[in-house]
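Below, each chain spelled out in residue letters.
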Amino acid sequence: MKKRKLVFATNNLHKLEEVAAILGDNIELLSLKDIHCDVDIPETADTLEGNALLKSEYVYNNYGLDAFADDTGLEIEALNNEPGVYSARYAGEDKSSQANMLKVLDKLQGVENRKAQFRTVISLLLNGKPYLFEGIIQGKIIEEKRGEAGFGYDPIFMPDGFDQTFAELGNEIKNKISHRAIAVNKLCEFLKEFK
């Protein structure tokens, strides 16, 4: 059986590895680099859904390839769901994970309610038709960074039911339970059914 080619509209190697591990062997996963797209696709929408759609549409419209893209936000209850759609650039346009984490920890100083969730939205464009998949994992923001694995806010996010942060759990466990894993699994199930 011929493998379906799909472009994941990202240059983030961490995300690419995470998604490739979940998708397995039945999909030929291509990155933006693989299709020689070196444009930083603008994420100008004010929702995760909108940004994911912008990226997948860009690839489909400019390269004629089926594509999917994700956008993920950390939503913290006590901060009115900030940083949300601005998670990657919460502390500035240089997209520094360290600066972003420090800003969150600073804003939550003395705050008792530390409930948070990671939410991923995947937009898939297949034969020009859009499909959306969402993954959410609940948890809380701890008071200081812990762990070396993962990326982004992983060292300060502890998922419900665990006593370790995403950065301490390691990729194998994280890839089974994360918001992105939930959304990607929904995408996989859909692709299996889609002929």
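One numbering rule holds for all chains: residues counted from 1, following each sequence as written. Two thresholds apply to this predicted model, a pLDDT of at least 70 for residue-level local features and 80 or more for giving and counting side-chain atom pairs, whereas whole-chain, interface and lining totals are computed over all residues. Only hydrogens and water are set aside; all other atoms, that is, all heavy atoms of the structure, feed into the side-chain values.

Another point: unusual backbone geometry. Residues E82 and P83 are joined by a peptide bond in cis, for which omega reads -5°. Here P83 shows up in strand β4 (residues 82-84). The phi dihedral of N81 falls on the positive side, at around 65°, and the residue is not glycine. For N127, which is not glycine, the phi dihedral falls at a positive 50°. Numbering of helices and strands runs from the N terminus, with a helix taken as a DSSP run of H or I at least four residues long and a strand as a DSSP run of E at least two residues long. Residue position: N127 is located in the loop between β5 (115-126) and β6 (129-141).

Between rings of Phe, Tyr and Trp, where Trp is taken as its six-membered ring, a pair exists when centres lie within 6.5 Å; planes separated by under 30 degrees are stacked, by over 60 edge-to-face, and by other angles tilted. Under the counting rule described, the total for this entry stands at six aromatic pairs. Measuring from centroid to centroid gives 6.0 Å for F118 and F166, while their planes differ by 10°, and the two rings are stacked. Here F118, found in strand β5, pairs with F166, found in helix α4 (residues 166-177); they are 48 residues apart in sequence, far enough to count as distant. Type-normalised accessible area, obtained with a 1.4 Å probe on protein chains alone, sets the label of each residue: buried when under 20%, exposed when over 50%, and partly exposed for intermediate values. Given a relative accessible area of 5%, F118 falls into the buried group. In textbook terms, an aromatic cluster arises when at least three aromatic residues are bridged by ring pairs, as seen for F118, F157 and F166. We call a charge positioned over a ring when the NZ of a Lys or the CZ of an Arg lies within 6 Å of the ring centre and within 35 degrees of the ring normal. Here the guanidinium or amino end of K103 rests over the ring plane of Y90, the centre of that ring lying 4.4 Å away.

Take α4 next. Multiply 1.5 Å by the residue count of a helix minus one, and that product is the helix's expected span. Its 12 residues give α4 an end-to-end C-alpha distance of only 10 Å, which falls more than 12% under 16 Å, the value for a rise of 1.5 Å per residue. Here, residues are in contact when the closest pair of their heavy atoms is within 4.5 Å. At its buried positions, α4 is contacted by α1 (13-23), β5, β6, β7 (157-159) and α5 (179-193).

In this structure, E57 sits in helix α2 (residues 48-63). Accessibility expressed as a relative area gives 31% for E57, which makes it partly exposed. In sequence terms E57 and L124 are 67 residues apart; their C-alpha atoms lie 8.7 Å from each other.

Our focus in this paragraph is the packing of α4 against α5. To define axes, lines are fitted to C-alpha atoms, for helices over the stretch in contact only, and angles between the resulting N-to-C directions are given on a 0 to 180 degree scale. Remark: α4 packs on α5, axes separated minimally by 8 Å, with the N-to-C direction vectors making an angle of 10°. Put simply, α4 runs roughly parallel to α5. Each of F166, K174, N175, K176 and I177 in α4 lies in contact with α5, whose residues at this interface are H179, A181 and I182. Residue composition of the contact of α4 with α5, by class: four nonpolar, two polar and two charged. Orientation is classified from the angle alone, with under 35 degrees giving roughly parallel, over 145 giving roughly antiparallel, 65 to 115 giving roughly perpendicular, and any other angle giving oblique. Any residue outside Ala, Val, Leu, Ile, Met, Phe, Trp, Tyr, Cys, Pro, Asp, Glu, Lys and Arg is labelled polar, Gly included; the first ten of those are nonpolar and the last four are charged.

So, to be careful, I would describe these as geometric facts and stop short of saying anything about function.
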